[in-house]
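# Fold and geometry: a report
Here is how the chains run, residue by residue.
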Number of protein chains: 2
Amino acid sequence: MRISELARQTALPVATIKFYLREELLPAGTPISKTQSEYDETHVQRLLLIRSLREIAGLPVATIATVLRAVDDEALPLIDLLGITHAAVARPVLPDSGTELADRLLAELGWKLGPRTPLSASLAGVLQALAEQGEAIDAESLGPWIEAARAVAEVEVGHITFDSPRSEAAHRVTLGTVLYGALLSQLRLVAQEAVSLERFKPED
Amino acid sequence: MRISELARQTALPVATIKFYLREELLPAGTPISKTQSEYDETHVQRLLLIRSLREIAGLPVATIATVLRAVDDEALPLIDLLGITHAAVARPVLPDSGTELADRLLAELGWKLGPRTPLSASLAGVLQALAEQGEAIDAESLGPWIEAARAVAEVEVGHITFDSPRSEAAHRVTLGTVLYGALLSQLRLVAQEAVSLERFKPED
């Protein structure tokens, strides 16, 4: 297909697709004339992945480039790809605050993380903010959130398939981390509203 | 306490606190001289709430102002405050896409939302992105995320207390929506990493 068809199928402007080509987020098509190239379904899939990383996860282009290089690196184990994707979406806040809270909670849960992960710092920032608001930070008090997070994580990691082609599995790792994270956040807000309307139905 | 002590207790620069005073996010202190005012614990709490909304939820100052006006409006029912907070943290993407997917899923779940909520549009954006990646969008396929979201929402709404003073309850509604949302997101990433390390322990 031509670039105009690629634009149509992905709902992205041609100028944006050209930008992604220049930035090497999107592999070049097959040249068919001096000014035109032919693209295929892999380009559509790659563009949809880029669009999700930008619009749903709100990641900057430089970060997306890092993630996509990892997706494309056939020699990179999927577990390391997961770590790189985590590093991209983690949001470390208030450096060095709450570290002790996070370490203690993770030890209490028996959850072990990789040695260079930024995830414990992101978790620490949120725990610190909760502690400042007088909330108790321990496995029992935070039980419902811990159980919910663990339950979806088990399913998500279970979906990482090692018998499918690596490129497909890599695509799924990144997608699963980003899109299903956004899904859980949005479903939680929707559920909050649904539950509160059920309980406190306003008088007509 | 003086503004310097307020800065110390909240880890915010004095200039930032003065900005929040000018923008009326923070109520003025009690003047004790031409140039100095006295602040109390309510100012500390308000500043920590503002900091969480900025740093954890990443909300712009104008949005925080809208949320805080709702927190302070004694005449506003808590359920409406929840709706205003939801509108602030919702992330509508790709306008008008996925609306049908969202409506169908909500109908399947029997979840009813308020008439003017932006939440179904946020949910629609994520569902559309998942559908474009070939994921099935129905209550069964998305069961683990739906159950997890509903479980935490039940606990969170259950924590909204109607017998505590309104100002305290209002503070909790906003805090619960924002901070516990961030907690769930971070815990999910941490759990993904812990679960994947357990399952695919890399060879040393």
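Since we're looking at a predicted model, the values are computed, not measured.

### Here we look at the overall build of chain A
Each helix and strand counted, chain A has 9 helices and 2 strands in total. Reading chain A from its N terminus to its C terminus gives the helix and strand order α-α-β-β-α-α-α-α-α-α-α. With the C-alpha coordinates of chain A rotated into their principal frame, the extents come out at 65 × 55 × 35 Å. Across the 204 residues of chain A, 52% fall into the buried class. In chain A, the proportion of contacts linking residues at least 24 apart, taken out of those at least 6 apart, comes to 62%. Carbon together with sulfur atoms contributes 52% to the accessible area of chain A, which is approximately 9,700 Å² in total.

### Here's the deal with the confidence of the model for chain A
Per-chain confidence: chain A averages 87 in pLDDT, with 95% of residues scoring 70 or above. ipTM for the predicted complex: 0.87, alongside a pTM of 0.87.

### Side note on the packing of aromatic side chains
How two aromatic rings sit relative to each other is given by the distance of their centres and the angle of their planes. All chains considered together, the criterion is met by 4 aromatic pairs over all chains. Measuring from ring centre to ring centre gives 4.4 Å for Y180 of chain A and W145 of chain B, while their planes differ by 35°; the resulting arrangement is tilted. With one member in each of two chains, Y180 of chain A in helix α9 (residues 166-199) and W145 of chain B in helix α8 (residues 143-158) form a pair that bridges those chains. Residue W145 of chain B is classed as buried on the basis of its relative accessible area of 1%. Between F19 of chain B and Y20 of chain B, the aromatic rings sit 5.8 Å apart at their centres with planes inclined by 50°, giving tilted as the arrangement. You can call F19 of chain B partly exposed: its relative accessible area is 29%.

### Some words on the interface of chain B and chain A
Contact with chain B, which involves 76 residues of that partner, is made by 76 residues of chain A. Of all residues in chain B, Q133, W145 and R188 of chain B bury the most surface against chain A, accounting for 10% of the area lost on that side. At the boundary of chain B with chain A, the tally comes to 8 salt bridges. Here E156 of chain B makes a salt bridge to R188 of chain A, at a shortest N to O gap of 3.0 Å. Mapped by element, the contributors of at least two residues to the side of chain B that touches chain A are α3 (41-56), α5 (78-89), α7 (119-132), α8 and α9 (166-199) of chain B. With 26 residues, the top contributor of residues to the side of chain B that touches chain A is α9 of chain B. Grouping the amino acids of the side of chain B that touches chain A by side-chain chemistry returns 42 nonpolar, 20 polar and 14 charged.

### Points about helix α6 (residues 99-109) of chain B
Of the positions making up α6 of chain B, those classed as buried are L101, A102, L105 and L106 of chain B. Around the axis of α6 of chain B, the buried residues are gathered within 125° of arc, so they sit on the same side. In α6 of chain B, the exposed positions that point more than 90 degrees away from the buried face belong to E100 and A107 of chain B. As for α6 of chain B, its buried residues are in contact with α9 of chain A together with α7 and α8 of chain B. Note on α6 of chain B: the residue one or two positions beyond its end, G110 of chain B, has a positive phi of about 70°.

### Description of the side chain of T85 of chain A
All names here are of chain A. Structurally, T85 is set in helix α5 (residues 78-89). Relative accessible area serves as the criterion here: at 1%, T85 is assigned to the buried category. The contact partners of T85, leaving out residues within four places of it in the chain, are V67, T174, T177 and V178.

### A word on the nonpolar core
The biggest cluster of nonpolar side chains holds 140 residues, and the ones touching the most others in it are L127 and L183 of chain A together with L127 and L183 of chain B. Leaving out residues up to four positions away in the same chain, L183 of chain B has contacts with L123, V126, L127, L130, L142 and W145 of chain A.

### Points about the layout of surface pockets
Quantified by volume, the largest pocket comes out at close to 1,000 Å³. Along its surface, the largest pocket is lined by 40 residues, and R91 and S185 of chain A together with I56, R91 and S185 of chain B are the ones closest to its centre. Within the residue set of the lining of the largest pocket, elements represented by two or more residues are α5, α7 (119-132) and α9 of chain A together with α5, α7 and α9 of chain B. Partitioned by chemical class, the residues of the lining of the largest pocket number 24 nonpolar, 12 polar and 4 charged.

### Examining the environment of D80 of chain A
Residue and element names in this part refer to chain A. Tracing the chain through its elements places D80 in helix α5. Residue class for D80 comes out partly exposed when judged on its relative accessible area of 37%. Taking the C-alpha atoms as reference points, D80 and W111, separated by 31 residues in sequence, lie 18 Å from one another.

### Notes on the relation of the copies chain B and chain A
Its rotation angle being 180°, the transformation that places chain B on chain A also includes 0.0 Å of axial translation and leaves an RMSD of 0.0 Å. These values place the two chain copies in the arrangement generated by a two-fold rotation axis. Among all residues of chain B, the minimum C-alpha distance to the rotation axis is found for A148 of chain B, at 2.3 Å. When you check the interface residues of chain B against chain A, 100% turn up at the interface there too, and the contact is symmetric in its surfaces.

### Notes on the side chain of T177 of chain B
Mapping T177 of chain B onto the fold places it in helix α9. Of note is the side chain of T177 of chain B, whose polar atom sits 2.8 Å from the backbone oxygen of V173 of chain B. For T177 of chain B, the contacting residues outside a window of four places in its chain are R188, L189 and Q192 of chain A together with L82, T85, H86 and V89 of chain B.

### Things to note about unusual backbone geometry
Residues other than glycine seldom take positive phi values, yet A11 of chain B does so here, at roughly 55°. Using a relative accessible area of 60% as the deciding quantity, one classes A11 of chain B as exposed.

Rules used in this analysis
- Residues numbered from 1 in each chain as written.
- Chains lettered and ligands numbered in written order.
- Predicted model: local features only at pLDDT ≥ 70, side-chain atom pairs only at ≥ 80, totals over all residues.
- Heavy atoms only, no water.
- Helix = DSSP H or I, 4+ residues; strand = E, 2+ residues; numbered from the N terminus.
- Buried < 20%, exposed > 50% of the residue type's maximum accessible area, 1.4 Å probe, protein only.
- Contact = heavy atoms within 4.5 Å.
- Areas by Shrake-Rupley, 256 points an atom, 1.4 Å probe, with all protein chains shown as cover.
- pLDDT = per-residue confidence, 0-100.
- Phe/Tyr/Trp six-rings, centres within 6.5 Å; stacked < 30°, edge-to-face > 60°.
- Buried area = accessible area lost by both parts, 1.4 Å probe.
- Salt bridge = Lys/Arg side-chain N within 4 Å of Asp/Glu carboxyl O.
- Nonpolar A, V, L, I, M, F, W, Y, C, P; charged D, E, K, R; others polar.
- Arc of directions from axis to C-beta.
- Core = buried A, V, L, I, M, F, W, Y, C linked by side-chain atoms within 4.5 Å.
- 1 Å grid on protein atoms, 1.4 Å probe; cavity = no way out; pocket = protein on both sides within 12 Å on 5 of 7 lines; lining within 4 Å.
- Points joined across faces, edges and corners; volume = space filled by probe spheres on them.
- Least-squares fit on C-alpha atoms with pLDDT ≥ 70 in both.
- Polar contact = N/O pair within 3.5 Å; in protein donor to acceptor, adjacent residues only side chain to side chain.

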